Amino acid sequence: MILDAIVTGLGAMGSAALYQLSRQTPNVAGIDQFDPPHTLGSTHGDTRITRQAIGEGLHFVPLTLRSYQIWRALEQLSGEELLTITGGLFVGQRDSSVRTRNKSGWLTTTIEAAERFGIDHRILDTETLRQEFPQFQFQPNEVGYYEQEAGFLKPERCIAVQLDQARKNGASVHTQERMVSFESTVDGVIVRTDKATYQTRKLILTTGSWITESLRNTPCADLLRVYRQVLYWFDIQGEYDQFTPDKLPIFILNDRGVYGFPAINGPEGGLKVATETFEHTTLPDDVNRTVSNLEIQKMYEQYVAPNFVGIGPSCVKSVVCLYTMTPNGDFIIDHYPNNPDVLLASACSGHGFKHSAAVGQILSDLALQGRTEFDIKPFQLTNFSSFTT
Ligand SMILES: Cc1cc2nc3c(=O)[nH]c(=O)nc-3n(C[C@H](O)[C@H](O)[C@H](O)COP(=O)(O)OP(=O)(O)OC[C@H]3O[C@@H](n4cnc5c(N)ncnc54)[C@H](O)[C@@H]3O)c2cc1C
């Protein structure tokens, strides 16, 4: 039997793609080397920020807006809360020279996106920031952009719910099964795993940090870089009530390189904060998954102590996770080089989760209809031609 589509890699992007495919046809399958949701890729750690005015570029806004709709529809179907609105506080200097994912003007672009797309927001001066958010230490001349509808998603639950719905729609889900190769034929693609061989009209590769393996012998072999990241939960020593979602929004202190979430795991659960590090590249099967005491101490001294009030040095929990970066932080959503039957999405660059539901819809549309209503030109491989061989 020839399947209509196979999705290899059932993390954020793949579970979304399989769910969207299954709404059109039950003749689809998903394959993952582990048992998603799991803690070995890019989609774990309890929460992911979502926001609507996207400072990484206006071309992302339609993806996040569509994803909000899909998350809400999935909540209706599953009866589970996936998206929690907390508001979002994004802080920086207006004329900041800080480059975020190799682009300048993140806060300015955020404000521009909000104005262009009519996204509800307020601009706060330093004095107002200090009055409304006593949990932070603000610096003179910092401004805040506050977005009403920002919040967080539960990434593990989003994956689980989309895979459940895909199964209910008739898709087959093969876990603990690793794709080892694929090969084009006149009818589509033959996919070989460590357990079976499948024939499919279309193959979608959403293998996260492992995608570098599939691109090895293509002109894009050097395009993507994998970086180890750490998420930390630091002890709340101040009043716990000040850090819960009704008082503390999700936050990005962009110029200071810190982002985080309100506390959701009780007074002992800590405040989740993180920074981004791009010092050394790694590979998903080699990465050091242990967080050292030295790393924890450095994180506290450089990023927590100077920026918060009431957060202690003791680390309640820490988790290693992986970023797969393009050179400019944009996503790749395109056909595999020279292969119209294979699609791929590398939609990480550290900010992909909020867009993943819409990326799944795009991949499904491209696989089954050959086109999508979304403008995907900004995500095509040709945009990266100066970085490919
Ligand atoms: C620390 C951290 C914080 C982040 N914070 C945010 C945030 O706040 N907001 C936001 O929007 N985004 C955020 N992101 C980014 C977001 O989480 C990622 O964009 C997204 O999770 C990437 O999903 P993915 O599907 O590409 O990869 P994954 O979820 O890792 O999925 C890839 C899957 O492919 C499978 N696979 C790989 N190779 C094979 C094979 N050969 N055969 C079978 N299966 C295979 C793997 O097992 C895995 O399940 C963050 C990322 C990290 C690491």
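Residues numbered from 1 in each chain as written. Predicted model: local features only at pLDDT ≥ 70, side-chain atom pairs only at ≥ 80, totals over all residues. Heavy atoms only, no water.

Where an unreviewed UniProt entry is consulted, the protein appears under the name N-methyl-L-tryptophan oxidase, with the organism given as Spirosoma profusum. Per UniProt, the protein has the following entry under Cofactor (unreviewed entry): "FAD". (UniProt positions renumbered as here; feature names shortened; annotations may be inferred.)

Peer 1: In this structure, what is going on with the site of the ligand? I would like to understand it.
Peer 2: Taken together, 36 residues form the shell around the ligand, and within it Asp-32, His-38, Thr-43, Arg-48 and Cys-321 come nearest. Within the backbone of Ala-12, an N or O atom sits 3.1 Å from an oxygen atom of the ligand. Between the ligand and the protein, one listed contact pairs a nitrogen atom with a backbone N or O atom of Gly-350 at 3.4 Å. Every element with two or more residues in the shell around the ligand is listed here: α1 (12-24), β3 (48-50), β15 (225-236) and β20 (311-325). Considering each element in turn, the shell around the ligand owes the most residues, three residues, to β20. The residue inventory of the shell around the ligand, partitioned by class, reads 16 nonpolar, 15 polar and five charged. In terms of domain composition, the shell around the ligand takes at least three residues from each of domain 1 (2-44 + 155-220 + 328-387) and domain 2 (60-154 + 225-325). (Near = heavy atom within 4 Å. Polar contact = N/O pair within 3.5 Å; in protein donor to acceptor, adjacent residues only side chain to side chain. Helix = DSSP H or I, 4+ residues; strand = E, 2+ residues; numbered from the N terminus. Nonpolar A, V, L, I, M, F, W, Y, C, P; charged D, E, K, R; others polar. Domains from an automatic or database assignment.)

Peer 1: So what exactly am I meant to see when it comes to the pattern of salt bridges here?
Peer 2: Pairing between side chains becomes possible if they bear opposite charge and their charged atoms approach one another. Counted according to the given criterion, the structure contains 17 salt bridges. Glu-276 is paired through a salt bridge with Arg-101; the nearest N and O atoms lie 2.6 Å apart. Placement of Glu-276 in the loop between β18 (271-274) and β19 (281-282) and of Arg-101 in the loop between β6 (99-100) and β7 (103-104) is noted, with a sequence separation of 175 residues between them. On the basis of relative accessibility, which here comes to 12%, the residue Arg-101 falls in the buried class. As a salt-bridge pair, Lys-202 and Asp-341 come within 2.9 Å of each other at their nearest N and O atoms. (Salt bridge = Lys/Arg side-chain N within 4 Å of Asp/Glu carboxyl O. Buried < 20%, exposed > 50% of the residue type's maximum accessible area, 1.4 Å probe, protein only.)

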